[in-house]
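# Analysis of the macromolecular model
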Amino acid sequence: MSLLDASTRLVRGGDVAGEPHGATSPPLYQTSTFRQSSATEFGAFDYTRTDNPTRQATEAVLADLEGGTSALCFASGMAAIAATLRLARPGERILCGRDLYGGTQRFAHTHLPGVDVEHVDLSSDADGRVPALEAALARGGVRLVFAETPSNPRLEIVDLRAIAAATRAADARLVVDGTAMTPWLQAPLELGADVVVHSATKGLAGHGDVTAGVVATCDDALRNELFARRNAEGSALAPFEAWLLLRGLRTLGVRVDHAQETAEAVACALAADGRVNRVLYPGLAAHPGAVVHASQTRPERERSGGVVISLELPSALAARRLVDGTRLFSTSVSFGGTASSISIPHFMSHASVPDGAAPRPDATLVRLSIGLEAARDLLADLDAALDPGGERHLEAGLIRPRAARR
Ligand SMILES: *Cc1c(COP(=O)(O)O)cnc(C)c1O
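Read on for an overview of the structure. This structure is a prediction, so every number in the text was calculated from the model and none was measured.

### A word on the overall build of the protein chain
- Assigned secondary structure in the protein chain consists of 13 helices and 12 strands.
- Against the globule reference of 22 Å for 406 residues, the protein chain gives a C-alpha radius of gyration of 22 Å, in line with a compact fold.
- Projected onto its principal axes, the C-alpha coordinates of the protein chain cover approximately 75 × 55 × 40 Å.
- The 406 residues of the protein chain split such that 52% are buried.
- In the protein chain, 69% of the contacts between residues at least 6 apart in sequence involve partners at least 24 apart.
- Carbon and sulfur atoms form 52% of the exposed surface of the protein chain, whose accessible area is close to 17500 Å².
- Each charge class in the protein chain was averaged separately, 40 positive and 47 negative side chains, and the resulting centres sit 4 Å apart.

Next up, the structure:
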């Protein structure tokens, strides 16, 4: 199977176990229970909280795409991340990067009693070592190291191979939140991570209509522990959501490739725009860590900057004006959907970051998610929104003023 290109595997994978009719689209097993042949002889499935053929088909596609031996789907990205972080027991330590999804920080700092959660600098030195991480690991007791690259929302890059080596040497496990890149662009398991987690709500499902999460790994014991916990807690992804996720995965490659090409055009245009102080986008050669980023994304992809761009505006007011002035970008959290969106993480996705966690991003930082609209329309919209007097782009009928939208 894996001799085929990922695009082929995404479209052709995901056969539903035992499907008898040759359905070309995987059937949705929207059922909570499965009839057994007797009270003592059981089939492959009995109860959807435990396992479901549609969910299993989605998990097979995800495991294959990640280069893992297994994948488990959860009700949301946070359910997947929570299950994974809870592999750490009271008395143990978790080391995570400094720029991290707000919900992950909230969970780690407030819902893991007895676990010591520390933010450390995961960056590398000139010799390719990760000195701050190595020093923190040397103090002992670390169960998990948790990293995002590019991170959310500052798109900071860390060297996963170096982090994996240091983590392994300390007998800890490396968990990578791969949401920003999706496995289309980056395969953390192949770079040495033990576990990759995703918010499939973002690019994997990709249409802004599902919340879902994934954990993929090559470690069968760890998978079995997570499977048992997911079954016990009932945090598995529901069959319809799994079906929607599988449907979204079919077009992952074309969606990401297309949106990314637009994102690159937007990032280049804004990098040359005096009204923006700084553009953070891993596809720009000037982005800190761009070389490391390119070295740990899939070599077969023409581009690997992703679809998220963060902008530093001159002031919090300018950031608010930009967000409120756009017409095509919806003001919403999340990213990786078909529709472009814009947000100020300080007030939105990262508002839940508790005190004592990593510092919240500044209110001058604006995050864009580029979708599948035409590049020229998005560029014109941003150009007008950055213009303090900018109402001039309201082409009659084409783009409606904000007041007319719901
Ligand atoms: C959105 C997001 C999550 C949380 O996922 P949900 O599906 O919203 O629960 C975790 N990590 C990252 C990087 C995210 O962007």
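There's plenty left to go through after this.
### Here's the deal with helix α10 (residues 252-271)
- The terminal C-alpha atoms of α10 lie 27 Å apart, and with 20 residues this matches the ideal 28 Å at 1.5 Å per residue to within 8%.
- Within the span of α10, buried status applies to Leu 252, Gly 253, Arg 255, Val 256, Ala 259, Gln 260, Thr 262, Ala 263, Val 266, Ala 267 and Leu 270.

### Overview of the site of the ligand
- Taken together, 14 residues form the shell around the ligand, and within it Met 78, Asp 177, Ser 199, Thr 201 and Lys 202 come nearest.
- At a separation of 2.8 Å, an oxygen atom of the ligand approaches a polar backbone atom of Met 78.
- Within the complex, the protein chains bury 91% of what would otherwise be the 380 Å² of accessible surface of the ligand.
- Looking at the shell around the ligand, its residues break down into 5 nonpolar, 6 polar and 3 charged.

### Observations concerning the nonpolar core
- Membership of the largest hydrophobic core comes to 30 residues, with the highest contact counts inside it found for Leu 10, Leu 62, Trp 184, Leu 204, Leu 245, Leu 249 and Leu 252.
- Broken down by secondary-structure element, the contributors of at least two residues to this core are α1 (6-12), α2 (53-66), β1 (70-74), α7 (182-185), β7 (213-217), α9 (239-250) and α10.
- Beyond its immediate stretch of four places on either side in the chain, Trp 184 contacts Ala 6, Ser 7, Leu 10, Leu 252, Gly 253, Val 256, Asp 257, Arg 298 and Arg 301.
- The next biggest cluster of nonpolar side chains, apart from the first, holds 27 residues, and it includes Ala 79, Ala 80, Val 175 and Val 197.

### Details of the pattern of salt bridges
- Taken as a whole and assessed by the stated rule, the structure comprises 19 salt bridges.
- Each of Arg 154, Glu 156, Arg 278 and Glu 312 takes part in a single network of salt bridges with overlapping partners.

### Quick word on the side chain of Asp 273
- Of note, Asp 273 is situated in the loop between α10 and β8 (278-280).
- Owing to a relative accessible area of 16%, Asp 273 belongs among the buried residues under this scheme.

### Examining the packing of α2 against α9
- Here α2 crosses α9 at 35°, and the two axes come no closer than 8 Å. At the point where α2 passes α9, the crossing takes the left-handed sense. When α2 is examined against α9, the residues Thr 54, Arg 55, Ala 57, Thr 58, Val 61 and Leu 62 are found in contact with a partner set consisting of Pro 239, Ala 242, Trp 243, Leu 245, Leu 246 and Leu 249.
- Looking at the contact of α2 with α9 residue by residue, the classes come out as 9 nonpolar, 2 polar and 1 charged.

### A look at the side chain of Thr 262
- Mapped onto the elements, Thr 262 comes out in helix α10.
- Thr 262 has contacts with Ile 370, Glu 373, Ala 375 and Leu 378, leaving out every residue within four places of it along the chain.

### Description of the sheet that holds strand β5 (residues 173-177)
- The strand order across the open sheet formed by 7 strands is β1-β7-β6-β5-β4-β2-β3, and the pairing between neighbours is mixed. Taken across any chain shown, the strands that pair with only one partner, and hence form the sheet edges, are β1 and β3 (116-119). Here the strands of the sheet are splayed against their neighbours by 20° on average, with no regard to which way each runs.
- Summarising the sheet, strand β2 (residues 93-96) and strand β4 (residues 142-148) pair through 4 bridges and their orientation is parallel. Among the inter-strand pairings, Ile 94 is bridged to a residue of β4, identified as Leu 144.
- Its contacts with the sheet put helix α3 (residues 77-85) on β1, β2, β4, β5, β6 (195-199) and β7, and the angle it makes with β6 is roughly 155°.

### Concerning the packing of aromatic side chains
- For the structure on display, the rule yields 2 aromatic pairs.
- Measuring from centroid to centroid gives 5.6 Å for Phe 34 and Phe 45, while their planes differ by 40°, and the two rings are tilted. Here Phe 45 lies in the loop between α1 and α2 and Phe 34 lies in the loop between α1 and α2, a separation of 11 residues in the sequence. Taken as a pair, Phe 34 and Phe 45 share a single burial class, namely buried.
- Considering the side-chain rings of Phe 240 and Trp 243, the 6.2 Å spacing of their centres and the 15° angle between planes classify their relative orientation as stacked.

### Focus on the sheet that holds strand β10 (residues 330-331)
- Read from one edge of the open sheet, 5 strands run β8-β9-β12-β11-β10, paired in mixed fashion. Whereas interior strands pair on both sides, the edge strands pair on one side only; in this sheet they are β8 and β10.
- Taken together, the 3 bridges between β8 and strand β9 (residues 308-312) define a ladder with antiparallel strand orientation. The residue of β9 that forms the bridge with Leu 280 is Ser 310.

### Considering the pairing of β3
- Here β2 pairs with β3 via 4 bridges, running parallel. Along β3, the bridge assignment pairs Arg 93 with Asp 116.
- One crossover worth recording links β2 to the parallel β3 by way of helix α4 (residues 102-110), and it is right-handed.

### Focus on α4
- Along α4, the residues classified as buried are Gly 102, Gly 103, Thr 104, Gln 105, Phe 107 and Ala 108.
- Contacts made by the buried residues of α4 are with α3, β3 and β4.

Reading guide: rules and limits
Residues numbered from 1 in each chain as written. Predicted model: local features only at pLDDT ≥ 70, side-chain atom pairs only at ≥ 80, totals over all residues. Heavy atoms only, no water. Helix = DSSP H or I, 4+ residues; strand = E, 2+ residues; numbered from the N terminus. Rg over C-alpha atoms; globule rule 2.2 N^0.38 Å. Buried < 20%, exposed > 50% of the residue type's maximum accessible area, 1.4 Å probe, protein only. Contact = heavy atoms within 4.5 Å. Areas by Shrake-Rupley, 256 points an atom, 1.4 Å probe, with all protein chains shown as cover. Lys, Arg positive; Asp, Glu negative; His and termini not counted. Charge placed at Lys NZ, Arg CZ, Asp CG, Glu CD. Expected span 1.5 Å × (residues − 1). Near = heavy atom within 4 Å. Polar contact = N/O pair within 3.5 Å; in protein donor to acceptor, adjacent residues only side chain to side chain. Nonpolar A, V, L, I, M, F, W, Y, C, P; charged D, E, K, R; others polar. Core = buried A, V, L, I, M, F, W, Y, C linked by side-chain atoms within 4.5 Å. Salt bridge = Lys/Arg side-chain N within 4 Å of Asp/Glu carboxyl O. Axes fitted to C-alpha atoms, helices over the stretch in contact; angles between N-to-C directions. Left-handed = near helix turned anticlockwise from the far one by under 90°. Pairing = 2+ DSSP bridges. Phe/Tyr/Trp six-rings, centres within 6.5 Å; stacked < 30°, edge-to-face > 60°. Right-handed = clockwise from strand over helix to strand, strands pointing away.

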